[in-house]
Amino acid sequence: MNNFGWYEPKTIEQASAAMKSDGALMAGGIDLLCMLKERLIEPKRVVNLKSVSGMRTIENGKTIRIGALVTPETIEGDANLRKRATVLAEAASVVASPQIRNVGTLGGNLCQRPRCWYFRDKDVFCLKKGGDRCYSVDGSNEYHAILGGGPCFIVHPSDLAPALISLDATVKTNTRTIKIDEFFVLPEKNVHAENVLEPGEIITEVELPAEWLDAKSSYVKVRERPSFDWALTSCAVAFKMNGSKVSAARIAFGGVAPIPWRSKEAEEELVGKEISESTARTAGRAAMADALPLADNPYKVELAVNTLVMAALQAVQ
Ligand SMILES: Cc1cc2nc3c(=O)[nH]c(=O)nc-3n(C[C@H](O)[C@H](O)[C@H](O)COP(=O)(O)OP(=O)(O)OC[C@H]3O[C@@H](n4cnc5c(N)ncnc54)[C@H](O)[C@@H]3O)c2cc1C
């Protein structure tokens, strides 16, 4: 890695200003240090967000506010979240390994960079790094996008993100409030970034609105290596129920698209219906109707359908 300075800001304003003068923000450091070691970034300074006080608590009220420095381990173990936002606690419990869940943070999890092997290879100058092509198109693409891809075909690596979409969360930064549906950005809009954060913008907390707390919700993740791995496919579902029927639904997939992929098609399929294997499968097929798999990943289409089926049944059991 390159030589870099170390900065311990005391306030968000100091951290933000340092980021604007070639400083890289670090929270848990798990992804940022990989990026440094792989020479994918070469900042003048690393700005340690953990030296700023606050952002480490979960505040329960009408809404639930989770600080940006809260770890997946804390989310996973929080009894109130487990009860009122089950999908998020379940997603946190399958992030990486126990060690990473203990050190990583909510803000870092949402802003981690993609794991595409072409992007992560310092010697490959791909589209995302300013080059002129996405090597996954004609290369090895078994882990790449089947929806929303082009011109780049990464998949978004976060497990917490689909869960937060299913709960209609709000991301708060030092300068504004962003609905989670508007936080992530497709490569066709901006191939160099995965979210809409501006230079110097820092997530301070994520808020779960009252409207989706206590919904019946669940997160299912399918991975090659069960001990710790990113999702081949994952699915977050939240249902409001009227008796045994769904009155409102929010559904998002992980592992299938460059952003956590909300499926309004699947949601519409399930509203007014009881959840059964059959209705969930129809919803899954609706979600994947526009899928355009690459050469090595047609398996993801049926896997995603089945992931939704498992998540939906688990949510209402
Ligand atoms: C081996 C391995 C396996 C993994 N498996 C999974 C997995 O299965 N599921 C999963 O979801 N993740 C997985 N991860 C990713 C891991 O969870 C993330 O790297 C971690 O969540 C990042 O959190 P962090 O706090 O360490 O972020 P950092 O590494 O500190 O930062 C990551 C990025 O986010 C930015 N950032 C951090 N905090 C903020 C903030 N508050 N506001 C704005 N920008 C910010 C940083 O500038 C940096 O660009 C895995 C990582 C590894 C190394």
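Residues numbered from 1 in each chain as written. Predicted model: local features only at pLDDT ≥ 70, side-chain atom pairs only at ≥ 80, totals over all residues. Heavy atoms only, no water.

Enquirer: Whenever I open this one, the pattern of salt bridges confuses me. Can you help?
Expert: Close approach of charged atoms lets side chains of opposite charge pair. Under the criterion given, the structure shown has 26 salt bridges. Note that Lys-122 and Asp-123 form a salt bridge whose closest N and O atoms lie 3.4 Å from each other. Owing to a relative accessible area of 63%, Asp-123 belongs among the exposed residues under this scheme. The residue Glu-267 makes a salt bridge to Arg-262 at a minimum N-O spacing of 2.8 Å. Because the salt bridges share partners, they merge into one network encompassing Asp-168, Lys-179, Asp-181, Arg-250, Arg-262 and Glu-267. (Salt bridge = Lys/Arg side-chain N within 4 Å of Asp/Glu carboxyl O. Buried < 20%, exposed > 50% of the residue type's maximum accessible area, 1.4 Å probe, protein only.)

Enquirer: Whenever I open this one, the sheet that holds strand β12 (residues 261-262) confuses me. Can you help?
Expert: Picture the strands of a sheet paired through backbone hydrogen bonds; they go either parallel or antiparallel. What the 4 strands build is an open sheet, ordered β9-β10-β11-β12; its pairing is antiparallel. In the strand order of this sheet, the two ends are held by β9 (216-222) and β12, each with one partner. Here strand β11 (residues 245-254) pairs with β12 via 2 bridges, running antiparallel. When the bridges of β12 are listed, Phe-253 appears paired with Trp-261. Packing against the sheet, helix α5 (residues 86-93) makes contact with β9 and β10 (233-242), and its axis sits at approximately 20° to β9. Against the sheet, helix α12 (residues 299-316) makes contact with β9, β10 and β11, and its axis sits at roughly 40° relative to β10, the strand it touches most. (Pairing = 2+ DSSP bridges. Helix = DSSP H or I, 4+ residues; strand = E, 2+ residues; numbered from the N terminus. Contact = heavy atoms within 4.5 Å. Axes fitted to C-alpha atoms, helices over the stretch in contact; angles between N-to-C directions.)

Enquirer: Explanation requested: the domain arrangement of the protein in the structure shown.
Expert: Interface size is often expressed as the accessible area that is lost when the parts come together. Taken domain by domain, the protein holds domain 1 (1-51) and domain 2 (58-111 + 155-316). A C-alpha centroid distance of 27 Å is found between domain 1 and domain 2. Counting residues at the interface gives 11 residues for domain 1, matched by 11 residues for domain 2. For the pair domain 1 and domain 2, the summed buried surface comes to about 900 Å²; carbon and sulfur atoms form 81% of the total. There are 1 residue pair in polar contact (both at pLDDT 80 or more) connecting domain 1 and domain 2. Among the elements that take part in the side of domain 1 that touches domain 2, helix α1 (residues 12-20) stands out by supplying 5 residues, more than any other. (Domains from an automatic or database assignment. Buried area = accessible area lost by both parts, 1.4 Å probe. Polar contact = N/O pair within 3.5 Å; in protein donor to acceptor, adjacent residues only side chain to side chain.)

Enquirer: What is the right way to read the environment of Val-316 from this model?
Expert: With respect to the element layout, Val-316 can be found in helix α12. A C-alpha to C-alpha distance of 7.6 Å links Val-316 and Ser-217, two positions 99 residues apart in sequence. Those residues in contact with Val-316 that sit more than four places away from it in its chain are Lys-216, Phe-239, Met-241 and Ile-275.

Enquirer: It is not clear to me how the packing of helix α11 (residues 277-287) against α12 should be interpreted in this structure. Could you clarify?
Expert: What describes two packed helices is the angle between their axes and the distance between those same axes. Two elements in contact, α11 and α12, have axes whose closest approach is 8 Å; the angle formed by their N-to-C orientations is 140°. Looking at the two axes, α11 sits oblique to α12. Note on packing geometry: the crossing formed by α11 with α12 is right-handed. Each of Glu-277, Ala-280, Arg-281, Ala-283, Gly-284 and Arg-285 in α11 lies in contact with α12, whose residues at this interface are Glu-302, Val-305, Asn-306, Leu-308, Val-309, Ala-312 and Leu-313. Of the residues in the contact of α11 with α12, the class split is 7 nonpolar, 2 polar and 4 charged. (Parallel < 35°, antiparallel > 145°, perpendicular 65-115°, else oblique. Left-handed = near helix turned anticlockwise from the far one by under 90°. Nonpolar A, V, L, I, M, F, W, Y, C, P; charged D, E, K, R; others polar.)

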